[in-house]
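Given next are the chains, with one letter for each unit.
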Amino acid sequence: QVQLVESGGGLVQAGGSLRLSCAASGSILSIIAVAWYRQAPGKQRELVARIGGGGTTNYADSVKGRFTISRDSARNTMYLQMNSLKPEDTAVYYCNAVIVLVSNYRPEGYWGQGTQVTVSS
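For the structure given in this document, a descriptive report is provided here. Since this is a predicted model, take the numbers as computed values, not measurements.

Moving on, we come to the sheet that holds strand β8 (residues 77-82). A sheet is described by the order of its strands in space; here four strands give the open sequence β1-β3-β8-β7, paired in antiparallel fashion. Two strands bound the open sheet, and with one partner strand each, they are β1 (2-7) and β7 (67-72). Sheet twist, expressed as the average angle between the axes of neighbouring strands with direction ignored, equals 15°. Here β1 pairs with strand β3 (residues 18-26) via six bridges, running antiparallel. The partner of Gln 3 across the bridge, within β3, is Ser 25.

Take a look at the structure:
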């Protein structure tokens, strides 16, 4: 019913930038909240950034001042602009969205498939 498709990952040198995109498609009535998570090898998945229902943004301390989350509601797309990348930012990045479907009017959480970001030193 709903798909989140990510793009924009890749290999970059430390200090470089990447922009991740996540496009939602399907029978979407509205998107309440969006977020980016990441999971490094051997570690738990962690929240990177989030835009809540009221538009409030939150960032992990480790990315504050370097990463920016945004969304284009008209295109049902979210973005994560990542600047000044560090080797410790290496991880699989996942988008997450709380979406209300046309079919049942209930908010449910959905995940993208993940995109690899590798930062070399």
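Across all of its chains, the model carries one disulfide by this definition. A sulfur-sulfur separation of 2.1 Å characterises the disulfide bridge that pairs Cys 22 with Cys 95. Between Cys 22 and Cys 95 the sulfur-sulfur dihedral comes to about 55°; the bridge is accordingly right-handed. Note that Cys 22 is positioned in strand β3 and Cys 95 in strand β9 (residues 91-101), a separation of 73 residues in sequence. Across the pair, Cys 95 and Cys 22 agree in class, each one buried.

The next thing to look at is the packing of aromatic side chains. A ring pair, where both rings are aromatic, is described by two values, the distance of the centres and the angle of the planes. Tallying each qualifying case throughout the model produces two aromatic pairs. Residues Tyr 94 and Trp 111 carry aromatic rings whose centres are separated by 6.5 Å and whose planes lie at 85° to one another, so their mutual orientation is edge-to-face. Residue Tyr 94 is found in strand β9, and its partner Trp 111 is found in strand β10 (residues 107-111); the two are separated by 17 residues along the sequence. Look at Tyr 94 and you get buried, because its relative accessible area is 15%. Connected via pairs of aromatic rings, a cluster forms that spans Tyr 37, Tyr 94 and Trp 111. Here the guanidinium or amino end of Arg 45 rests over the ring plane of Tyr 94, the centre of that ring lying 3.7 Å away.

Moving on to unusual backbone geometry. One non-glycine residue, Ser 84, adopts positive backbone phi at about 50°. Within the secondary structure layout, Ser 84 lies in the loop between β8 and β9. Its identity as a non-glycine residue notwithstanding, Tyr 105 has a phi of 60°, on the positive side. By the element assignment, Tyr 105 lies in the loop between β9 and β10.

The next thing to look at is the pairing of β7. Inspection of the sheet shows β7 paired to β8 by six bridges, in the antiparallel sense. Each residue of the ladder has a partner; that of Ile 69, found in β8, is Leu 80. Connecting β7 to the antiparallel partner β8 that follows it, the hairpin turn spans four residues, and Asn 76 within it adopts a positive phi of roughly 50°.

Calculation rules
- Residue numbering note: each chain is counted from 1, following its sequence as written.
- With pLDDT at 70 or above as the cut-off, local features in this predicted model cover only qualifying residues; side-chain atom pairs require 80 or more to be listed or tallied, and sums for whole chains, interfaces and linings still use all residues.
- For the side-chain quantities, the full set of heavy atoms in the structure was used; hydrogens and water were omitted.
- Between any two strands, at least two bridges found by DSSP are needed for them to pair.
- Secondary structure elements are taken from DSSP: a helix is a run of H or I of four residues or more, a strand is a run of E of two residues or more, and numbering for both begins at the N terminus.
- Axes here mean lines fitted to C-alpha atoms, for a helix over just the part in contact, with angles spanning 0 to 180 degrees between N-to-C directions.
- Criterion for a disulfide: a pair of cysteine sulfur atoms at a distance within 2.5 Å.
- The rule is simple: take the accessible area with a 1.4 Å probe, protein chains only, and divide by the maximum for that residue type; under 20% is buried, over 50% is exposed, in between is partly exposed.
- Aromatic rings from Phe, Tyr and Trp, taking only the six-membered ring of Trp, are treated as a pair when their centres fall within 6.5 Å; an angle between ring planes under 30 degrees marks them as stacked, one over 60 as edge-to-face, and anything in between as tilted.
- We call a charge positioned over a ring when the NZ of a Lys or the CZ of an Arg lies within 6 Å of the ring centre and within 35 degrees of the ring normal.

Take it as geometry only, folks, not as evidence of what the structure does.
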